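# Survey of secondary and tertiary structure
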Amino acid sequence: MMPLAEAQARLLANVPPPPATERCPLNAALNMVLAETVTSTVTVPPSDNSAVDGYAVRYADLGRVLPVSQRIPAGAVPAPLVPGSAARIFTGAAVPAEADTVLMQEECEALDGQVRLPAASSVKTSPVKKGANIRRAGQDIRAGDEVVSAGTRLSPRHLGLLASVGVAEVSVYRPLRVALLSTGDELAEPGTAAAPGQIYNSNRYLLHALLAEAGMIPVDLGRVADDYAATHGALASAGQRCDLVLTTGGVSVGEEDHMRAAVAALGSLDLWRVAIKPGKPFAFGHLGDTPFMGLPGNPSAVLVTFMILVLPWLRRAQGLAGDPMPPCVGLPAGFSTDKPGKREEYLRVQVVGEAGQQRLQPHPNQSSGMLSSACWAEGLAVVPAGRVVREGDVLGFIRF
Ligand SMILES: Nc1nc2c(c(=O)[nH]1)N[C@H]1C(S)=C(S)[C@@H](COP(=O)(O)OP(=O)(O)OC[C@H]3O[C@@H](n4cnc5c(N)ncnc54)[C@H](O)[C@@H]3O)O[C@H]1N2
Ligand code: MOO
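Residues numbered from 1 in each chain as written. Chains lettered and ligands numbered in written order. Predicted model: local features only at pLDDT ≥ 70, side-chain atom pairs only at ≥ 80, totals over all residues. Heavy atoms only, no water.

An unreviewed UniProt entry lists the chain under the name Molybdopterin molybdenumtransferase, with Isoalcanivorax pacificus W11-5 as the source organism. What UniProt states about the chain under its Function (unreviewed entry) heading is, verbatim, "Catalyzes the insertion of molybdate into adenylated molybdopterin with the concomitant release of AMP." (UniProt positions renumbered as here; feature names shortened; annotations may be inferred.)

This is the structure in structure tokens:
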């Protein structure tokens, strides 16, 4: 059994170069990984503009009654402010040259063609400062600024930012294609009647969704029987169509477990059995040149090995920059254990208690065969191998 950290390091040392790039319109780029750094050609906002509906004035004129010399809606190009006048202005409109302050209309009194400005000190809310309510040109982005760097997974925020600098399409890495194969004679598909002795195939749907959530393309190859020839045949064709072959079940030690032998026959079995709980029988290898990962059949072992071993590898392979491991924060344990484990354990936990006094509370049933506890849980608490937990000890917490 290989220590988890060693298995993770070996996997990450075996990441292929990133996939080909393609041009992608912003509306299709959510969750894609940016292949080249985008630099802005424009300044945002392009000019000083008003944060409120009101009047653009010179600060020195506060307290006076002034004629209104122009009206500036958003999008208009204003003339310089006529000395001794105010300009009617609206939110987002360019502030005219010579004006140095904008007053909210609620603080002014509109008269016929004129406006009475408050005295600098007499404003209801707070005294007016010179420069008030003006959003400066370039306060967001300046021409030449780096906007989003290569290797970023594009979130809705990034897409909005890219649009704000006028970019319509970006260069992204082609999403990885991951072949999914479930093994097990006992599996029935949801929507069909399960015969006696059968259980429903949950891993297929769990993994399909985990991959889609990560921005990758699941290539669902269905189910293969617990039979060497069938497993060999399914793996041989799966390996030709994708960037990774991901299987569930059949990687343990029983004579019904054919996965390892089939992988070794089609390429190499590079790693098998990791000190992780759940998920010990995890396997990594190659089918010809195509990487292979074999997850155990138990659904919560699938979830944990996907998060801790598969997804970091996929993130790297997809071209994502930075730490590929899931974000992990420290929180105190609300429980204790009586003996140390041989494997690093990932417990399905809730975070309980008031803000500032939160504790990790594990589900009472940590069986790797059940998924209801994974849905009850908010994330995974990490108990290192060889460690006895005392209540209050700080443990790593990985949110789902
Ligand atoms: N003698 C030993 N037996 C087992 C060991 C061991 O070290 N020595 N390890 C145990 C551990 S840990 C795990 S995890 C499992 C993994 O076994 P396999 O990867 O070979 O998986 P299967 O035996 O095929 O299935 C395990 C379990 O999961 C259910 N399953 C399988 N596929 C699905 C699916 N698509 N959807 C829902 N449930 C699925 C299957 O019915 C079994 O109950 O081995 C232990 N045994
Ligand atoms: O992975 Mo097994 O689920 O460690 O029990």
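What follows picks up the thread again.
## A few points about the site of ligand 2
In the vicinity of ligand 2, the residues found are Pro278, Gly279, Lys280, Pro281, Asn298, Ala301, Arg343 and Ser368. Taking Gly279, its main chain carries an N or O atom lying 2.3 Å from an oxygen atom of ligand 2. Because more than half of its atoms lie within 2 Å of the grid, ligand 2 is assigned to the second largest pocket. Within the shell around ligand 2, the residues separate by chemical class into three nonpolar, three polar and two charged. (Near = heavy atom within 4 Å. Polar contact = N/O pair within 3.5 Å; in protein donor to acceptor, adjacent residues only side chain to side chain. 1 Å grid on protein atoms, 1.4 Å probe; cavity = no way out; pocket = protein on both sides within 12 Å on 5 of 7 lines; lining within 4 Å. Sits in = over half its atoms within 2 Å of the grid points. Nonpolar A, V, L, I, M, F, W, Y, C, P; charged D, E, K, R; others polar.)

## Focus on the UniProt feature "domain: MoaB/Mog" (unreviewed entry) in the chain
Residues annotated by UniProt as "domain: MoaB/Mog" (unreviewed entry) correspond here to residues 179-316. Annotated as residues 179-316, this span is 35% helix and 30% strand, and its ends, taken at the C-alpha atoms, are 18 Å apart. (Helix = DSSP H or I, 4+ residues; strand = E, 2+ residues; numbered from the N terminus.)

## Re the layout of surface pockets
Regions of empty space are outlined by a rolling probe, equal in size to a water molecule, passed over the atoms. Its volume calculated, the largest pocket comes out at about 700 Å³. What lines the largest pocket is a set of 25 residues, among which Glu213, Leu311, Arg315, Arg399 and Phe400 lie closest to the centre. Contributions of two or more residues to the lining of the largest pocket are made by α3 (203-213), α6 (299-317), α7 (372-376) and β26 (394-399). The greatest single-element share of the lining of the largest pocket, amounting to five residues, is contributed by α6. Taken together, the residues that form the lining of the largest pocket break down as 19 nonpolar, two polar and four charged. By volume, the second largest pocket amounts to about 510 Å³. The wall of the second largest pocket is formed by 34 residues, among which Gly249, Pro296, Gly297, Asn298 and Pro299 lie closest to the centre. Mapped by element, the contributors of at least two residues to the lining of the second largest pocket are β15 (199-200), α6 and β23 (344-352). (Points joined across faces, edges and corners; volume = space filled by probe spheres on them.)

## A word on the pattern of salt bridges
Any two side chains of opposite charge can pair if their charged atoms end up close together. Per the stated rule, a full pass over the model turns up eleven salt bridges. The closest approach of N and O atoms between Arg136 and Asp48, which form a salt bridge, is 2.7 Å. In this pair, Arg136 is assigned in the loop between β10 (134-135) and β11 (146-148) and Asp48 in the loop between β2 (38-39) and β3 (49-50), connecting sequence segments 88 residues apart. A residue is classified by how much of its surface remains accessible, and Arg136, at 40% relative accessible area, is partly exposed. If you follow the salt bridges from partner to partner, you end up with Arg23, Glu36 and Glu169 in one network. (Salt bridge = Lys/Arg side-chain N within 4 Å of Asp/Glu carboxyl O. Buried < 20%, exposed > 50% of the residue type's maximum accessible area, 1.4 Å probe, protein only.)

## Quick look at empty space enclosed by the protein
According to the stated counting rule, one finds one cavity of 30 Å³ or more in the structure shown. Size it by volume and the largest cavity reaches roughly 30 Å³. Surrounding the largest cavity, Leu180, Leu181, Ser182, Asn203, Arg204, Leu207 and Thr248 form its lining. Within the residue set of the lining of the largest cavity, elements represented by two or more residues are β13 (177-183) and α3. Partitioning the lining of the largest cavity into residue classes produces three nonpolar, three polar and one charged.

## Some points on the environment of Gly84
Within the element layout of this structure, Gly84 appears in the loop between β5 (65-72) and β6 (86-89). Sequence separation between Gly84 and Val115 is 31 residues, and the spatial gap between their C-alpha atoms is 12 Å. If sequence neighbours within four positions are ignored, Gly84 has contacts with Arg58, Asp61, Leu66 and Pro67. (Contact = heavy atoms within 4.5 Å.)

## Observations concerning the site of ligand 1
Not every one of the 21 residues close to ligand 1 is listed here, only the nearest: Glu186, Asn201, Ser252, Lys280 and Gly297. Ser202 is positioned with one of its backbone polar atoms (N or O) 3.1 Å from a nitrogen atom of ligand 1. The backbone of Gly250 places a nitrogen or oxygen atom 3.1 Å from an oxygen atom of ligand 1. Protein coverage of the free-state accessible area of ligand 1, which is 870 Å², stands at 69%. For the shell around ligand 1, a count of residues per class yields eight nonpolar, ten polar and three charged. (Areas by Shrake-Rupley, 256 points an atom, 1.4 Å probe, with all protein chains shown as cover.)

## Focus: the pairing of β13
Burial within β13 is extensive, with six of its seven residues counted as buried. Where β13 lies against strand β16 (residues 217-224), six bridges are found, and the strand directions are parallel. When the sheet's bridge partners are listed, Val178 is paired in β16 with Pro218. Bridge count between β13 and strand β17 (residues 244-248): five bridges; the pairing is parallel. Counted as the bridge partner of Ser182 is Thr248 from β17. (Pairing = 2+ DSSP bridges.)

## Some words on the sheet that holds β13
Spatially, six strands are ordered β16-β13-β17-β21-β20-β18 in an open sheet, and the strand pairing comes out mixed. In this open sheet, the two edge strands, each paired with only one partner strand, are β16 and β18 (267-272). Strand after strand, the sheet turns through a mean of 20 degrees between neighbouring axes, direction not considered. Bridge count for strand β20 (residues 283-287) against strand β21 (residues 290-295) is five bridges, and the pairing is antiparallel. By the bridge assignment, Phe284 is partnered in β21 with Met293. In the packing of helix α5 (residues 259-266) onto the sheet, the strands contacted are β13, β17, β18, β20 and β21, and the crossing angle to β18 comes to about 135 degrees. (Axes fitted to C-alpha atoms, helices over the stretch in contact; angles between N-to-C directions.)

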